[in-house]
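Close look at the chain arrangement
Given next are the chains, with one letter for each unit.
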Amino acid sequence: MIIHSASFIQCSASLKQCPDPVKPEFGFIGRSNVGKSSLINMLTGFSHLAKTSGNPGKTRTINHFLINESWFLVDLPGYGYARVSKETQRTWGTMVETYLRKRSSLKAVVVILDIRREPNQGDLDLLAWLKGYGRRPIVVLTKADKLSRNQSRQRAAEIRARLEPVCATGAVLFSAKTREGREEIWKAIREATEVDSLPGRRP
Ligand code: GTP
Ligand code: MG
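Residues numbered from 1 in each chain as written. Chains lettered and ligands numbered in written order. Predicted model: local features only at pLDDT ≥ 70, side-chain atom pairs only at ≥ 80, totals over all residues. Heavy atoms only, no water.

1. Describing the overall build of the protein
The secondary structure content of the protein amounts to five helices and seven strands. Its C-alpha atoms give the protein a radius of gyration of 16 Å, near enough to 17 Å, the size a compact globule of 203 residues would have. Seen through its principal axes, the protein has C-alpha atoms that stretch 45 × 40 × 30 Å. Buried residues in the protein amount to 50% of all 203 residues. Here the contacts in the protein between residues at least 6 apart in sequence split such that 74% fall between residues at least 24 apart. With the model as given, the accessible surface of the protein reaches about 10200 Å², and the carbon-plus-sulfur share is 48%. Seen as two clouds, the 33 positive and the 19 negative side-chain charges of the protein have centres 4 Å apart. (Helix = DSSP H or I, 4+ residues; strand = E, 2+ residues; numbered from the N terminus. Rg over C-alpha atoms; globule rule 2.2 N^0.38 Å. Buried < 20%, exposed > 50% of the residue type's maximum accessible area, 1.4 Å probe, protein only. Contact = heavy atoms within 4.5 Å. Areas by Shrake-Rupley, 256 points an atom, 1.4 Å probe, with all protein chains shown as cover. Lys, Arg positive; Asp, Glu negative; His and termini not counted. Charge placed at Lys NZ, Arg CZ, Asp CG, Glu CD.)

Shown next, in the form of structure tokens:
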């Protein structure tokens with residue numbers, strides 16, 4: 001995948017504020033601090049594009065990044081961040097759910113899970129929503145560098161079994177540190193859409 005330009009366009013606090021839905025886009029979602037912003041940076045090769053942080057709850061709005069002047073990657077706020085009020089959690093939940101349900105230009109949703117952790121109710125609810133809205137997720141198990149190869153494989157099988165009722169697709173092992181899984185995610189993104197304008201596709 002050749003990325004020649006990537007730039008931050010805007011952050012939006014609601015679906016209404018998002019850019020006109022005239023370009024295809026791909027959403028990145030997962031639990032707070034799981035590594036969504038790091039994944040976007042690694043995928044694009046622009047390491048400071050999305051702001052990352054050791055403190056959970058960094059991304060609080062719907063953030064659009066324009067890639068190759070023709071499509072968007074969208075960094076979404078993390079869910080299940082305990083240290084914000086229930087009220088704020090509800091507001092984020094409604095914002096993200098509305099976006100996932102209604103965004104007409106959304107082509108695929110990358111759901112990011114920490115390979116070391118058991119998927120929780122928030123993860124399962126998210127996948128069940130997506131299923132209900134007819135959106136096929138691309139599941140990514142991140143921070144694979146924290147485990148040995150054998151442990152990673154074993155965890156991947158356990159997580160897949162746990163997700164089975166809400167998600168039939170496989171999962172990609174990924175690490176923002178080692179770049180493992182980068183090409184596989186691009187492939188899944190390409191397959192999830194029939195967009196001809198994606199980079200890497202020659203006319
Ligand atoms: P919020 O926006 O706060 O929800 O977080 P996020 O999901 O965008 O996570 P972010 O990309 O900011 O990363 C959170 C922390 O995890 C940072 O300290 C990253 O350096 C670290 N991290 C992310 N991906 C990886 C990875 O693949 N391997 C390792 N070892 N650390 C990672
Ligand atoms: Mg973030």
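Anyway, onward from the coordinates.
2. Regarding the pattern of salt bridges
Per the counting criterion, the structure on display carries nine salt bridges. Taking the shortest distance from any N to any O, the salt bridge between arginine 155 and glutamate 118 comes out at 3.4 Å. Here glutamate 118 lies in the loop between strand S5 (106-114) and helix H3 (121-132) and arginine 155 lies in helix H4 (residues 149-163), a separation of 37 residues in the sequence. Taking relative accessible area as the criterion, glutamate 118 reaches 42% and is therefore assigned partly exposed. Between arginine 149 and glutamate 180 there is a salt bridge, and its shortest N-O distance comes to 3.3 Å. (Salt bridge = Lys/Arg side-chain N within 4 Å of Asp/Glu carboxyl O.)

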